[in-house]
Amino acid sequence: MYENFMKVALEEARTAFQKGEVPVGAVIIKEDRIIAKAHNRVESLNDATAHAEVLAIREAGKELGGWRLEDCTMVVTLEPCSMCAGAMVEARLKKLVVGAFDFKAGAAGSVYNIVQDKRLNHRLEVVYGVLQDECSELLREFFRARR
């Protein structure tokens, strides 16, 4: 169901890879239409908050003319970190679709589960493992080349 959207997120991740950024890509969809897409730009913008997910949330807000993304789904190649997971909760995203797990810093079920924490005022539905092998391999390739 989400494979085609994950393929677009993977294209964004490959763009990040080519720019020397950690290869993470994200798209936000509403009513089966992409309204925002982004890739990591931390290095190029010298901005620790320039993760693909945060940039996509900003773009979606501009596209929709508001910060509430209640009927939207985020599709991302790597499980979000705590910052991005928190931004998703604050933006009121409806659903999160994850490619690869992040067993070191994931905040959507691996290490933490911010997106479904019952103590918060909003929770997201989560779908795991969409094109997981392709998403994981791109990250492995990037970090292999760095070492």
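Keep in mind the model is a prediction, meaning the values are calculated, not measured. (Residues numbered from 1 in each chain as written. Predicted model: local features only at pLDDT ≥ 70, side-chain atom pairs only at ≥ 80, totals over all residues. Heavy atoms only, no water.)

Asks: Before we move on, can you summarise the pairing of strand β4 (residues 95-100) with the specific residues and values?
Replies: Of all six residues in β4, six are buried; the element is thus mostly enclosed. Inspection of the sheet shows strand β3 (residues 72-78) paired to β4 by five bridges, in the parallel sense. Residue pairing across strands places Val 75 opposite Val 97, the latter belonging to β4. Read as a crossover between parallel neighbours, the route from β3 over helix α4 (residues 82-90) to β4 is right-handed. Pairing geometry for β4 and strand β5 (residues 125-127), over three bridges, is parallel. Bridging from a neighbouring strand, Leu 96 pairs with Val 126 of β5. (Buried < 20%, exposed > 50% of the residue type's maximum accessible area, 1.4 Å probe, protein only. Helix = DSSP H or I, 4+ residues; strand = E, 2+ residues; numbered from the N terminus. Pairing = 2+ DSSP bridges. Right-handed = clockwise from strand over helix to strand, strands pointing away.)

Asks: Summarise the nonpolar core; cite the residues concerned and give the values.
Replies: One finds Ile 28, Met 74, Leu 93 and Leu 96 to be the most contacted residues of the largest nonpolar core, which totals 46 residues. It is helix α1 (residues 3-18) that contributes the most residues to this core, six residues altogether. If we skip the residues at most four places from it in the chain, Ile 28 touches Arg 33, Ile 34, Ile 35, Ala 36, Ala 56, Ile 57, Ala 60, Leu 69, Cys 72, Thr 73, Met 74 and Leu 93. (Core = buried A, V, L, I, M, F, W, Y, C linked by side-chain atoms within 4.5 Å. Contact = heavy atoms within 4.5 Å.)

Asks: Can you tell me about the side chain of Glu 79, naming the residues and giving the values?
Replies: The residue Glu 79 is located in the loop between β3 and α4 in this model. The buried charged residue Glu 79 lacks any salt bridge, with Lys 104 as its nearest oppositely charged partner at 13 Å. From its side chain, Glu 79 meets the backbone nitrogen of Asp 102 in a polar contact 3.0 Å long. In terms of polar contacts, Glu 79 uses its side chain to reach the side chain of Ser 110, at 2.5 Å. Glu 79 has contacts with Val 98, Ala 100, Phe 101, Asp 102, Gly 106, Ala 107, Ala 108, Gly 109, Ser 110 and Tyr 112, leaving out every residue within four places of it along the chain. (Lys, Arg positive; Asp, Glu negative; His and termini not counted. Salt bridge = Lys/Arg side-chain N within 4 Å of Asp/Glu carboxyl O. Polar contact = N/O pair within 3.5 Å; in protein donor to acceptor, adjacent residues only side chain to side chain.)

Asks: Could you give me a rundown of unusual backbone geometry, with the residues and numbers involved?
Replies: Glycine aside, the phi torsion of most residues is negative, and most peptide linkages are trans. Located in the positive-phi region is Asn 46, a residue other than glycine, with phi close to 50 degrees. With respect to the helices and strands, the residue Asn 46 is situated in the loop between α2 (42-45) and α3 (52-64). Even without a glycine there, the phi angle at Arg 92 is positive, about 65 degrees. Secondary-structure assignment places Arg 92 in the loop between α4 and β4.

Asks: Break down the sheet that holds β5 for me, with residues and values.
Replies: Spatially, β2-β1-β3-β4-β5 is the arrangement adopted by the five strands of the open sheet, whose pairing is mixed. Each end of this open sheet is capped by a strand with a single partner; those strands are β2 (33-39) and β5. Neighbour-to-neighbour, the strand axes of the sheet open up by a mean angle of 20 degrees, direction not taken into account. One ladder, built from five bridges, connects strand β1 (residues 25-30) with β3; its direction is antiparallel. Bridge pairing in β3 places Ile 28 opposite Met 74. Sitting on the sheet, α1 is in contact with β1, β2, β3 and β4, with an inclination near 145 degrees to β1. Against the sheet, helix α5 (residues 132-146) touches β3 and β4, its axis set at about 60 degrees to β4. (Axes fitted to C-alpha atoms, helices over the stretch in contact; angles between N-to-C directions.)

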